[in-house]
Amino acid sequence: MNAIIYLVVLPLGTAFLLGILYFFKKTYSRSLILVSVLLHSGLIFWISRQALFEPLLYSPGDWDRLGIFLLVDSFSVLMLSLTGLLVPLAVIYSWRWVDHNEAKYYILLFILTAGISGMVITADLFNLFVFFEITSIASYALVAIPKKDASIEGTLKYIIPGTIGGLFVLAGIILTYQGTGHLGLAGIAREFHLIPELIQKTIITFFVFGFGLKIALVPLHTWLPDSYTGAPLPYNVLSSGLVINAPLLALLRILYLFLNPELIQSGGITGLLIMLGALTIIVGHITAYQQDNIMRLLAYSSVAQMGYIIIGPALATEAGLIGGSLHMLNHALMKGALFFSAGLIIIKARSRNINDFQGLGSSLPLVSAAFVISGLAIVGLPPFNGFVSKLLLLQATLESEQFLPALIILLGSFLSLIYYLKIFTILYSKKGSSEIKKYDPAGLWSLKAPALLLSSLCLILGLVPSLPLKIINKIPHHLMESINFIELFPGG
Amino acid sequence: MLPAYITTGILIILGIYTILIKENLIKIVIGINIIESALILLLISAGFRPGAAAPILNQELEQVVDPLPQALALTAIVISASTTAFLLAIIIKIHKRYGTCSIHEIKNLRG
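Predicted, not measured: the structure shown is a model, and the values here were computed from it.

Student: What is the right way to read the overall build of chain A from this model?
Tutor: Of the regular secondary structure elements, chain A holds 23 helices and 2 strands. Taken against the 2.2 N^0.38 rule, which gives 23 Å for 492 residues, the C-alpha radius of gyration of chain A at 22 Å falls within 12% of a compact globule. The buried share of chain A, taken over its 492 residues, is 64%. Put simply, 78% of the contacts in chain A that link residues at least 6 apart link residues at least 24 apart. Looking at chain A as shown, the accessible area adds up to about 17,700 Å², and 66% of this sits on carbon and sulfur atoms. A distance of 16 Å separates the average location of the 28 positive side-chain charges in chain A from that of its 23 negative side-chain charges.

Structure, rendered in structure tokens:
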């Protein structure tokens with residue numbers, strides 16, 4: 001299946017081509033961006049449809065058993081389809097939003113897309129690290145694009161923990177190679193249990209810490225809100241939808257394949273990750289409640305949602321994995337809709353403080369409705385998509401007899417209801433002074449359409465949850481039993 | 001093998017100490033670089049075999065060291081170089097804006 005490699009080659013090539021094009025002929029750059037992004041989405045759609053029947057494997061260079069494989073299984077399909085959906089929307093939104101360093105912004109955006117696609121489809125530990133660093137460096141640079149004080153500081157706070165996290169991942173990879181002599185995931189999955197137990201534990205700790213920094217699990221989350229305040233808004237959508245989900249996917253692959261689910265449960269990893277997840281939910285929601293800046297509020301809300309997403313797979317049961325994956329998908333859509341509509345509200349209010357949003361509900365009816373729909377979805381009210389995934393997570397925790405996380409999931413939803421309701425009441429309260437309605441950039445459809453599309457998806461996936469579950473129900477097959485994964489590769 | 005492990009351990013601890021204790025941003029970058037060097041040393045030692053030749057196979061097969069970690073070390077060096085370059089660029093920006101490289105002073109300036 002040769003086409004898989006183009007998932008990485010296409011955006012990477014576009015990034016370099018774009019650099020040249022900006023130098024010579026600026027006028028064609030936008031059409032190149034649009035064509036490339038749509039081609040990438042089409043490619044993802046085409047590959048995903050085939051990968052749903054049977055995972056696709058490709059070995060660049062035809063090295064057969066020695067090759068470094070690319071694999072598209074249903075877990076990759078989930079993240080790839082999110083990439084194919086969110087990147088075009090972010091690009092359309094960026095037409096109006098990004099006014100500084102436009103050339104560099106789009107180039108970095110394409111490098112980010114290439115990094116994420118590569119990270120999701122690789123079946124090799126060192127390739128994973130390379131794509132992980134490509135994604136990270138592109139994200140650091142994207143945060144710094146607006147050239148404001150906040151963005152430079154946000155970058156600094158992002159890059160130092162991010163680099164340290166990357167180093168721990170590298171240390172884990174080196175120790176794994178030393179122990180097993182393999183870098184392919186299948187080979188490691190076969191021989192990981194031969195490593196002495198103490199070194200196994202060290203490796204897993206390194207991976208959990210390194211990727212945990214990127215996922216923003218609670219003691220390691222402080223970089224995220226600072227980077228969100230300074231970053232361009234379309235990047236924030238990609239960040240909470242893709243950049244923090246892709247390392248999570250990598251971590252889950254590593255945990256499930258290297259250890260088997262029973263070992264995750266008995267070896268204390270379930271306990272550790274559930275504790276971190278519960279802490280993440282509580283701290284994220286409580287700090288989000290205290291924020292006045294809408295960007296920081298949404299950032300802390302993202303932190304809290306990562307807690308939900310990690311609790312499901314941490315249970316190491318099929319139900320937990322399905323619930324967690326569905327929430328990963330739903331959170332990306334909901335947070336995307338929230339950021340996009342919040343951006344329009346910010347333009348209209350000319351302020352990021354939520355107390356300045358008074359009365360905007362009536363002057364921006366469609367956008368505010370999109371904000372409310374996605375807000376209610378993230379709280380977890382029916383009939384929106386957040387309800388379905390939180391229900392699945394709750395069922396999964398109760399099935400595994402983990403009552404404390406179940407309680408915290410419910411409590412977390414309640415806490416998030418409080419602060420989202422606060423914004424809703426401000427939005428729909430009456431404004432005392434008369435409003436100036438001269439400059440109305442909020443009427444632009446390139447900004448409105450992404451917000452409306454994502455929030456309607458929140459409703460649609462809430463009414464028809466079987467649609468995403470068709471993909472997600474196939475995820476556990478290759479993860480729960482590592483033998484199923486190993487058999488995909490030649491010589492396995 | 002053991003001396004390589006011990007050196008790696010000492011260097012990593014030294015790097016983490018530098019990152020945690022020093023308040024000058026340049027020194028923090030140096031700390032990160034120390035950890036990176038330690039990991040590259042660990043990589044090279046992972047492929048080491050006593051008495052083996054360098055992995056250049058132009059004659060008949062002989063006992064060579066594992067070439068894979070060396071390829072990985074090259075990649076790791078490239079990544080660490082680009083991260084360092086980016087970090088230093090950001091620090092220049094910070095210094096232009098705040099006139100200082102000290103974390104505490106930057107915090108105080110923000111208020």
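Student: Where do I start with the overall build of chain B in this structure?
Tutor: The number of helices and strands found in chain B is 4 helices and 0 strands. Over its C-alpha trace chain B gives a radius of gyration of 19 Å, far above what one expects of a compact globule, namely 13 Å for 111 residues. Along the longest, intermediate and shortest principal axes, the C-alpha atoms of chain B span 65 × 25 × 10 Å. The burial tally for chain B puts 38% of its 111 residues in the buried class.

Student: Help me understand the packing of helix 3 (residues 74–97) of chain A against helix 15 (residues 318–349) of chain A, please; the structure alone is not making it clear to me.
Tutor: To characterise two packed helices, one gives the angle between the axes of the helices and the distance between these axes. Residue and element names in this part refer to chain A. Viewed as axis vectors pointing N to C, helix 3 and helix 15 meet at an angle of 5°, and their least axial separation amounts to 10 Å. In terms of axis orientation, helix 3 runs roughly parallel to helix 15. Along the contact surface, helix 3 presents Phe75, Leu78, Met79, Leu82, Leu85, Leu86, Leu89, Ala90, Tyr93 and Trp97, while helix 15 presents Ser325, Met328, Leu329, Ala332, Leu333, Phe339, Phe340, Gly343, Leu344 and Ile347. Residue classes in the contact of helix 3 with helix 15 are distributed as 18 nonpolar, 2 polar and no charged.

Student: Mind showing me how you'd approach helix 5 (residues 125–143) of chain A here?
Tutor: It helps to recall that an α-helix has 3.6 residues per turn; residues three or four apart then point in one direction. Residues and elements named next belong to chain A. The terminal C-alpha atoms of helix 5 lie 27 Å apart, and with 19 residues this matches the ideal 27 Å at 1.5 Å per residue to within 8%. Along helix 5, 17 of the 19 residues are buried, which leaves the element largely enclosed by surrounding structure. Where helix 5 begins, one side-chain oxygen reaches toward the backbone nitrogen of Phe126, 3.0 Å away; that side chain belongs to Asp124.

Student: Honestly, the interface of chain A and chain B in this entry has me stumped. Any pointers?
Tutor: Buried accessible area, meaning the area lost when the parts come together, often serves as the stated size of an interface. Listed by partner, the interface residues are 29 residues for chain A and 32 residues for chain B. Taken together, the two surfaces of chain A and chain B that pack against each other cover about 2,700 Å², and 80% of this comes from carbon and sulfur. Inspection of the region where chain A meets chain B yields 1 salt bridge. For A:Asp149, the salt bridge goes to B:Arg97, with nearest N and O atoms at 2.8 Å. Summed over the shared surface of chain A and chain B, the number is 5 residue pairs in polar contact (both at pLDDT 80 or more). Within the residue set of the side of chain A that touches chain B, elements represented by two or more residues are helix 5 and helix 6 (149–180) of chain A. The element contributing the most residues to the side of chain A that touches chain B is helix 6 of chain A, with 18 residues.

Student: Could you clarify how one ought to interpret the packing of aromatic side chains in this entry?
Tutor: Remark: the centre distance and the inter-plane angle together describe each pair of aromatic rings, the angle taken between the planes. Residues and elements named next belong to chain A. One pass over the structure, following the stated rule, counts 21 aromatic pairs over all chains. Each ring, one from Phe23 and one from Phe24, has its centre 5.6 Å from the other, and the planes form 85°; the classification is edge-to-face. Neither residue differs from the other here; Phe23 and Phe24 are each classed as exposed. An aromatic cluster of at least three residues, connected via ring pairs, comprises Phe132, Phe192, Phe207, Phe211 and Phe258. Directly above the ring of Phe132 sits Lys214, whose terminal nitrogen or CZ lies 5.7 Å from the centroid. Cation over ring: Lys422 sits above Tyr289, and NZ or CZ is 4.9 Å from the ring centre.

Student: In this structure, what is going on with a positive patch on the surface? I would like to understand it.
Tutor: Residues A:Lys104, A:Lys147, B:Lys93 and B:Lys96 make up a contiguous surface patch of positive charge. Here A:Lys104 lies in helix 4 (residues 102–121).

Student: Explain the layout of surface pockets here, please?
Tutor: The probe, sized like a water molecule, is rolled over the atoms to show the empty space still left. What the largest pocket holds in volume is close to 790 Å³. What lines the largest pocket is a set of 27 residues, and nearest its centre among them are A:Lys157, A:Ile160, A:Pro161, B:Ile28 and B:Ile103. Looking at the lining of the largest pocket, the elements with two or more residues in it are helix 6, helix 8 (197–215) and helix 9 (223–230) of chain A together with helix 1 (2–21), helix 2 (25–46) and helix 4 (103–110) of chain B. Looking at the lining of the largest pocket, the element that brings in the most residues is helix 6 of chain A, giving 7 residues. Residues of the lining of the largest pocket, tallied by class, amount to 18 nonpolar, 2 polar and 7 charged.

Student: Just to check I follow, could you spell out unusual backbone geometry for this structure?
Tutor: Excluding glycine, residues mostly carry a negative phi; peptide bonds, for their part, are mostly trans. Residue and element names in this part refer to chain A. The omega torsion across Pro382 and Pro383 is 5°, close enough to zero to call that bond cis. Despite not being glycine, Lys147 has its phi angle at roughly 60°, a positive value. Along the chain, Lys147 falls in the loop between helix 5 and helix 6. A positive phi angle, close to 60°, is found at Ala316, a residue other than glycine. With respect to the secondary-structure elements, Ala316 resides in the loop between helix 14 (294–314) and helix 15. The exposure class assigned to Ala316 is buried, which follows from its relative accessible area of 3%.

Student: Looking at this structure, how should I read the packing of helix 18 (residues 385–399) of chain A against helix 19 (residues 403–428) of chain A?
Tutor: Residue and element names in this part refer to chain A. Remark: helix 18 packs on helix 19, axes separated minimally by 8 Å, with the N-to-C direction vectors making an angle of 160°. What the angle tells us is that helix 18 and helix 19 run roughly antiparallel. Here helix 18 runs over helix 19; the crossing is left-handed. Here Lys390, Leu393, Leu394, Thr397 and Leu398 of helix 18 come into contact with helix 19, specifically with Phe403, Pro405, Ala406, Ile409, Leu410 and Ser413. Each residue belonging to the contact of helix 18 with helix 19 can be placed in one class, and the counts come to 8 nonpolar, 2 polar and 1 charged.

Student: Is there a simple way to think about the pattern of salt bridges in this case?
Tutor: All names here are of chain A. For the coordinates displayed, the defined rule picks out 6 salt bridges over all chains. With its nearest N and O atoms 3.2 Å apart, the salt bridge here joins Asp226 to Arg296. Remark: Arg296 occurs in helix 14 and Asp226 occurs in helix 9; sequence separation between them is 70 residues.

Student: Would you take a moment to explain empty space enclosed by the protein for this structure?
Tutor: Tallied over the full model, the rule gives 4 cavities of 30 Å³ or more. Each pocket or cavity is described by its volume, and for the largest cavity that value is around 100 Å³. What lines the largest cavity is a set of 13 residues, and nearest its centre among them are A:Phe129, A:Leu167, B:Glu36, B:Ile79 and B:Ser80. The set of elements that each furnish at least two residues to the lining of the largest cavity consists of helix 5 and helix 6 of chain A together with helix 2 and helix 3 (67–98) of chain B. Looking at the lining of the largest cavity residue by residue, the class counts come to 7 nonpolar, 4 polar and 2 charged. In terms of lining residues, the second largest cavity is bounded by A:Met119, A:Thr122, A:Asp124, A:Leu128, A:Leu185, A:Leu249, A:Ala250, A:Arg253 and A:Ile254. Considering only residue class, the lining of the second largest cavity consists of 6 nonpolar, 1 polar and 2 charged.

Calculation rules
- Within any chain, residue numbers begin from 1 and follow the written order of that chain's sequence.
- Chains carry letters from A onward and ligands carry numbers from 1 onward, assigned in written order.
- Only residues with pLDDT of at least 70 get local features here, since the model is predicted, and only at 80 or more are side-chain atom pairs given and counted; chain-wide, interface and lining totals rely on the full set of residues.
- For side-chain calculations, the full set of non-hydrogen atoms in the structure is used, while hydrogens and water are omitted.
- Numbered from the N terminus, helices here are DSSP runs of H or I no shorter than four residues, and strands are runs of E no shorter than two.
- Within these notes, the globule rule equals 2.2 Å times the number of residues to the 0.38 power, and the radius of gyration is based on C-alpha atoms.
- Residue burial is assigned from relative accessible area. The probe radius is 1.4 Å, only protein chains are included, and a residue is buried under 20% of its type maximum, exposed over 50%, and partly exposed in between.
- We call two residues contacting when some pair of their heavy atoms lies within 4.5 Å.
- Here the accessible surface of atoms and residues is derived via Shrake-Rupley with a 1.4 Å probe, and residues count as covered only by protein chains that are part of the display.
- Residues scored as positive are Lys and Arg, those scored as negative are Asp and Glu, and His as well as the terminal groups of each chain are ignored.
- Throughout, a charge is located at the NZ atom of Lys, the CZ atom of Arg, the CG atom of Asp or the CD atom of Glu.
- Working convention: axes come from line fits to C-alpha atoms, limited for helices to the stretch in contact. Angles between N-to-C directions cover 0 to 180 degrees.
- When describing relative orientation, an angle under 35 degrees is termed roughly parallel and one over 145 degrees roughly antiparallel, while 65 to 115 degrees is termed roughly perpendicular and anything else oblique.
- Three residue categories are used. Nonpolar comprises Ala, Val, Leu, Ile, Met, Phe, Trp, Tyr, Cys and Pro, charged comprises Asp, Glu, Lys and Arg, and polar comprises the others, including Gly.
- For a helix, the expected span equals 1.5 Å multiplied by the number of residues minus one.
- Polar contact is defined as a pair of N or O atoms within 3.5 Å, subject to the rule that within protein one atom must be able to donate a hydrogen and the other to accept it, and that residues adjacent in sequence are counted only when both atoms are side-chain atoms.
- Note on definitions: buried area is the accessible-area loss of two parts on being combined, 1.4 Å probe, summed for both.
- What counts as a salt bridge is simple: a side-chain nitrogen of Lys or Arg found within 4 Å of a carboxyl oxygen of Asp or Glu.
- Side-chain rings of Phe, Tyr and Trp, where Trp is taken by its six-membered ring, are said to pair if the distance between their centres is within 6.5 Å; with planes under 30 degrees apart they count as stacked, over 60 as edge-to-face, and otherwise as tilted.
- Only lysine NZ and arginine CZ atoms are considered, and such an atom sits over a ring when it is within 6 Å of the ring centre and within 35 degrees of the ring normal.
- Each patch is built from residues that are more than 30% exposed by relative accessible area and take part in no salt bridge. Like charges join if they lie within 9 Å; nonpolar side chains (Val, Leu, Ile, Met, Phe, Trp, Tyr) join within 5 Å.
- Residues are called lining when one of their atoms sits within 4 Å of a cavity or pocket point, these points coming from a 1 Å grid over the protein atoms alone, where a cavity is a set in which a 1.4 Å probe fits but cannot get out and a pocket is an open set with protein on both sides within 12 Å along at least five of seven lines.
- Grid points are joined across faces, edges and corners, and a volume is the space filled by probe spheres set on the points.
- By definition, turning the near helix anticlockwise from the far helix through less than a right angle yields a left-handed crossing, and turning it clockwise yields a right-handed one.

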